[in-house]
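Read off the chains here:
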Protein chains: 2
Amino acid sequence: MKAVLFLALHTNDNQKWMVKDIYSRINVPQSYLAKILQELSKRDVISSSRGPKGGFYLSEANFDLPLIKIVDVIDGKQRLRSCMLSIKECDSDNPCALHDLVGNTNSEFIKRLEQTTILDLISDVKEGKSVLPL
Amino acid sequence: MKAVLFLALHTNDNQKWMVKDIYSRINVPQSYLAKILQELSKRDVISSSRGPKGGFYLSEANFDLPLIKIVDVIDGKQRLRSCMLSIKECDSDNPCALHDLVGNTNSEFIKRLEQTTILDLISDVKEGKSVLPL
DNA sequence: TCCTAAATCTGATTAATATCATATTTTAGG
DNA sequence: CCTAAAATATGATATTAATCAGATTTAGGA
Ligand code: FES
Ligand code: FES
């Protein structure tokens, strides 16, 4: 998340970002960040180009991706969608004891991740509605 | 959570529960469950007595504990309360880019964990509002 | 064309968490 | 007071996730 938001905040037409120039600014170990960015790139969440002048960046299309995409790629679809008590699939028609407390909040949360794009978050930052000291 | 809810559902005045009679019913490895129940007991979330006829159970007081107590004991207070971007402490006056999306949902969630007791959940189950096939 | 700078790929290492094993303490009941 | 049944304590192992290291591929520029 931090890495993607960093790219979103600092990508522009003539600048791409190398792992070694990002990692310390977002406080994530270099090798770990590399592996994560490569995965995000392979799964088309972010963009990259190799060779000199290369690096990671966000394309127009990337900006419009919903945040849920990042979560799904990194943590897998199960992570947010399974029953909190792991006694079954999360099912609001047949809610477990924690569902109304957690599951509903969770579904609401997922919905928001689906509706909010990277661009939305960055807009908020640029309008001063939120901060992102990266 | 499952273990505590199991105890809540099945504790009565003349019955305590041993690890070996619980673990398979909630699908948690025996030794792992033992360590967790011991920790919960030491931290006064659940009750126990040793020796023959002993086992784990919930006291009246235990029933009235808010769910947040379980989370705090098992996962630590930080787990739910730190900024999602881990760039600072979570602070709604100076929200990070994800705070409104996640942090607010999260605070709401914490509040509910603080307000809901084990007894509340069990009441729901007994009234048929939710299920708990344990 | 060749050199170099970048991501990519692959596997190894380390750290954290979950799980196991066993010895110790406590307590009910004979 | 003995014995057996239970939790408790402690340390070891196994599994998973995070981090590291190095060889390989790609692309820009001289
Ligand atoms: S049914 Fe358990 S969280 Fe939804
Ligand atoms: S400030 Fe980041 S989640 Fe609240």
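Residues numbered from 1 in each chain as written. Chains lettered and ligands numbered in written order. Predicted model: local features only at pLDDT ≥ 70, side-chain atom pairs only at ≥ 80, totals over all residues. Heavy atoms only, no water.

Going by the annotation in an unreviewed UniProt entry, the name recorded for chain A is Rrf2 family transcriptional regulator, with Flagellimonas spongiicola given as the source organism.

Colleague: I'd like a description of the packing of helix α1 (residues 2-10) of chain B against helix α8 (residues 118-126) of chain B, backed by residues and values.
Modeller: All names here are of chain B. Here α1 crosses α8 at 65°, and the two axes come no closer than 10 Å. The interaxial crossing formed by α1 with α8 has right-handed handedness. From α1, V4, L5, A8 and L9 reach across to α8, where they touch I118, L121, I122 and V125. (Axes fitted to C-alpha atoms, helices over the stretch in contact; angles between N-to-C directions. Helix = DSSP H or I, 4+ residues; strand = E, 2+ residues; numbered from the N terminus. Left-handed = near helix turned anticlockwise from the far one by under 90°. Contact = heavy atoms within 4.5 Å.)

Colleague: Could you give an account of the protein's contact with DNA strand C, with specific residues and numbers?
Modeller: The immediate surroundings of DNA strand C are formed by 23 residues, with M18, K35, Q38 and S48 of chain A together with Y32 of chain B found nearest. The sugar-phosphate backbone supplies 70% of the atoms of DNA strand C found within 4 Å of the protein. Residue S41 of chain A places a side-chain N or O atom 3.3 Å away from a phosphate oxygen belonging to DNA strand C. Between a sugar or linking oxygen of DNA strand C and a main-chain N or O atom of G51 of chain A, the distance comes to 3.3 Å. Elements supplying a minimum of two residues to the surface near DNA strand C: α2 (19-26), α3 (30-42), β1 (47-49) and β2 (55-57) of chain A together with α3 (30-42) of chain B. Per element, the largest residue contribution to the surface near DNA strand C is four residues, and it comes from α3 of chain A. (Near = heavy atom within 4 Å. Polar contact = N/O pair within 3.5 Å; in protein donor to acceptor, adjacent residues only side chain to side chain.)

Colleague: Describe the relation of the copies chain B and chain A, and please don't skip the residues or the numbers.
Modeller: By a simple turn and slide, chain B fits onto chain A: the slide is 0.0 Å along the axis, the RMSD is 0.0 Å, and the turn is 180°. In short, the pair behaves as if placed about a two-fold rotation axis. Rotation axis and chain B: the residue whose C-alpha lies nearest the axis is T105 of chain B, separated from it by 3.6 Å. Most of the interface of chain B is mirrored in chain A: 100% of its interface residues are interface residues there too. (Least-squares fit on C-alpha atoms with pLDDT ≥ 70 in both.)

Colleague: Please set out the protein's contact with DNA strand D residue by residue, giving values where relevant.
Modeller: Neighbouring residues of DNA strand D: 22 residues in total, closest Y32 of chain A together with M18, K35, Q38 and S48 of chain B. At the protein interface, 67% of the atoms of DNA strand D within 4 Å belong to sugar or phosphate. R50 of chain A has a polar side-chain atom sitting 2.8 Å from a base oxygen of DNA strand D. Contacts to DNA strand D include G51 of chain B, whose backbone N or O atom sits 3.3 Å from a sugar or linking oxygen. Residue assignment for the surface near DNA strand D shows that the elements contributing at least two residues are α3 of chain A together with α2 (19-26), α3, β1 (47-49) and β2 (55-57) of chain B. Of the residues assigned to the surface near DNA strand D, the class counts are eight nonpolar, nine polar and five charged. (Nonpolar A, V, L, I, M, F, W, Y, C, P; charged D, E, K, R; others polar.)

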